[in-house]
Amino acid sequence: MSPYILLIITTSLLLGTSLTLFSNHWLLAWMGLELNTLAIIPMMTHPNHPRATESAIKYFLTQATASMMIMFSIIYNAWMTNQWTLLQMSDHTASTLMTMALAIKLGLAPFHFWVPEVTPGIPLSSGMILLTWQKIAPTALLYQISPSLNMEILILLAILSTMLGGWGGLNQTQMRKVLAYSSIAHMGWTVIIALINPNLTILSLMIYIMTTLTLFMTLNLSSTTKIKSISNLWNKSTPMTMIVFLTMLSLGGLPPLTGFMPKWLILQELIINNNPTMAIIMALSALLNLFFYMRIIYVSSLTMFPTSNNLKHHWFFSQTKTTNMIPTLTTISSMLLPLTPILIIMT
């Protein structure tokens, strides 16, 4: 891709997210979401092949449907309340429509089908942006208008997402599909606490983004897209293999890694607010995620000795991709649990 085109696309992504983050008017927020959607599509179709084009079309149609629902709820709310400001969504119908639209944008179940269909068909770099940066703007809207949303529906969607995200990732062989189902489950954890403690929503999203960025960058550096290819990483680079395993365990929420922190705080907040049943369901669903991450580690490292595996060896070329961010992100995604008391005070 031409550097000038890449600069335009990157600027558009930054501008779209910034518009949604800092806007106080519904039309500006909607424009930011649209700009985000249109900016990533050229990245999804490069390099151009039929599978990437199919994924881009699926993504565009899904996001266009969500944007249409958002616009309809905005206009309906303005018609009923004569207000265009972001925090004034008092109409029940508009609130329900906005909840469903944001669920589609975030990939919450049962509107999650586009996530595992789109992610495996696009390059690792585009998948990284799709599962991390593209979640910021809808979550920012959710954070700002959470008291106005239909939280009964949102909580039901969150529980479904954590359960289906865990079950869906059990029998996958493609790493991008595993990360897609992981995204569905983590979005459920992110939105379930939005009404009780919105600051935990932001904390959960930030830790998820940092951990997923680490995993995507490591997979992109080693050109690994399948679970069986991780076995070859022992022969190519042991540190990269250890980073992949650490990051996956952190995504699964295994203590004492960073990924345990948001799950622990969310479960604690649910119990404090007299929702023990919901906390039990969420904790059990977290075990599903941890199980399929442990399964990947078992299949790729413990079923055979790393230096004498029977998989086809790939030629190891000198790395030309940058690795500056990976050590920092690995530290953040695995060693922040001791800072939990400070983050509790902040939230």
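Please read all numbers here as calculations on a predicted model, not as lab measurements.

1. Re the overall build of the protein chain
A tally of regular secondary structure across the protein chain gives 16 helices and zero strands. On C-alpha atoms alone, the protein chain measures out to a radius of gyration of 20 Å, which is about the 20 Å that the 2.2 N^0.38 rule sets for 347 residues. A separation threshold of at least 6 residues defines the contact pool for the protein chain, and within that pool the share at least 24 residues apart is 77%. Total accessible area on the protein chain is roughly 15,600 Å²; 71% of this is exposed by carbon and sulfur atoms. Counting 13 positive and 6 negative side-chain charges, the protein chain places the centres of these two groups 23 Å from one another.

2. Observations concerning a nonpolar patch on the surface
On the surface, Leu 38, Ile 57, Phe 60 and Leu 61 cluster together to form a nonpolar patch covering roughly 380 Å² of accessible area. With three residues, the top contributor of residues to the nonpolar patch is helix H3 (residues 50-81). In this fold, Leu 61 is placed in helix H3. Its relative accessible area of 52% is what places Leu 61 among the exposed residues.

3. Some details on the pattern of salt bridges
For the coordinates displayed, the defined rule picks out two salt bridges. Residue Lys 58 pairs with Glu 54 through a salt bridge whose shortest N-O separation is 2.9 Å. On the criterion of helical spacing, the pair formed by Lys 58 and Glu 54 is a turn pair, its members being four residues apart in helix H3. Judged by relative accessible area, Glu 54 falls into the partly exposed class, the value being 37%. A salt bridge links Glu 117 to Lys 58; the nearest nitrogen and oxygen atoms lie 3.2 Å apart. Of this pair, Glu 117 sits in helix H5 (residues 114-118) while Lys 58 sits in helix H3, and the two are 59 residues apart along the sequence. Among the charged side chains, a salt-bridge network with shared partners connects Glu 54, Lys 58 and Glu 117.

4. What about the packing of aromatic side chains?
Counting across every chain of the model gives five aromatic pairs. With a centroid separation of 5.9 Å and 80 degrees between ring planes, the pair formed by Tyr 76 and Trp 79 is classed as edge-to-face. You can see Tyr 76 and its partner Trp 79 sitting in helix H3, three residues apart, about one turn around the helix. Consider the rings of Phe 292 and Tyr 293, whose centres lie 4.7 Å apart with planes at 50 degrees: the pair is tilted.

5. Quick notes on the side chain of Thr 241
The topology assignment puts Thr 241 in helix H12 (residues 238-252). Setting aside chain neighbours within four positions, we find Thr 241 in contact with Leu 233 and Trp 234.

6. Some words on the nonpolar core
Counting residues in hydrophobic clusters, the biggest one holds 100 residues, and the most contacted among them are Trp 26, Met 98 and Met 248. Counting residues per element, this core draws most heavily on helix H10 (residues 198-222), at eleven residues. Excluding residues that lie within four positions of it along the chain, Trp 26 makes contacts with Ile 74, Trp 84, Thr 85, Leu 86, Met 89, Met 98, Leu 141 and Ile 145.

7. Remarks on the UniProt feature "transmembrane region" (unreviewed entry) in the protein chain
Sequence positions flagged by UniProt for "transmembrane region" (unreviewed entry) are, in local numbering, residues 56-76, 96-115, 151-171, 178-196, 202-221, 242-266, 278-305 and 326-346. In residues 56-76, the share of helix is 100% and the share of strand is 0%. The end C-alpha atoms are 30 Å apart. From the first C-alpha to the last, residues 178-196 spans 29 Å; its make-up is 79% helix and 0% strand.

8. Some remarks on the environment of Pro 138
Tracing the sequence through the fold places Pro 138 in helix H7 (residues 136-145). Exposure remark for Pro 138: the relative accessible area of 2% places this residue in the buried category. Considered as a pair, Pro 138 and Ile 40 are 98 residues apart in the sequence and their alpha carbons are 15 Å apart. Setting aside its immediate chain neighbours within four residues, Pro 138 contacts Leu 33, Leu 102, Lys 105 and Leu 106.

9. Here we look at the environment of Lys 177
Residue position: Lys 177 is located in helix H9 (residues 175-192). Along the chain, Lys 177 and Ile 202 lie 25 residues apart, while their C-alpha atoms are 24 Å from each other. Those residues in contact with Lys 177, other than ones at most four positions away along the chain, are Pro 116, Pro 120 and Gln 172.

10. Regarding helix H13 (residues 260-272)
Helix length check: H13 (13 residues) gives 18 Å between terminal C-alpha atoms against 18 Å at 1.5 Å per residue, within 8%. Those residues of H13 not exposed but buried are Met 261, Pro 262, Lys 263, Leu 265, Ile 266, Leu 267, Glu 269 and Leu 270. Two residues or fewer after H13 comes Asn 274, characterised by a positive phi angle close to 60 degrees.

Calculation rules
Residues numbered from 1 in each chain as written. Predicted model: local features only at pLDDT ≥ 70, side-chain atom pairs only at ≥ 80, totals over all residues. Heavy atoms only, no water. Helix = DSSP H or I, 4+ residues; strand = E, 2+ residues; numbered from the N terminus. Rg over C-alpha atoms; globule rule 2.2 N^0.38 Å. Contact = heavy atoms within 4.5 Å. Areas by Shrake-Rupley, 256 points an atom, 1.4 Å probe, with all protein chains shown as cover. Lys, Arg positive; Asp, Glu negative; His and termini not counted. Charge placed at Lys NZ, Arg CZ, Asp CG, Glu CD. Patch = residues over 30% accessible without salt bridge, like charges linked within 9 Å, V, L, I, M, F, W, Y side chains within 5 Å. Salt bridge = Lys/Arg side-chain N within 4 Å of Asp/Glu carboxyl O. Buried < 20%, exposed > 50% of the residue type's maximum accessible area, 1.4 Å probe, protein only. Phe/Tyr/Trp six-rings, centres within 6.5 Å; stacked < 30°, edge-to-face > 60°. Core = buried A, V, L, I, M, F, W, Y, C linked by side-chain atoms within 4.5 Å. UniProt positions renumbered as here; feature names shortened; annotations may be inferred. Expected span 1.5 Å × (residues − 1).

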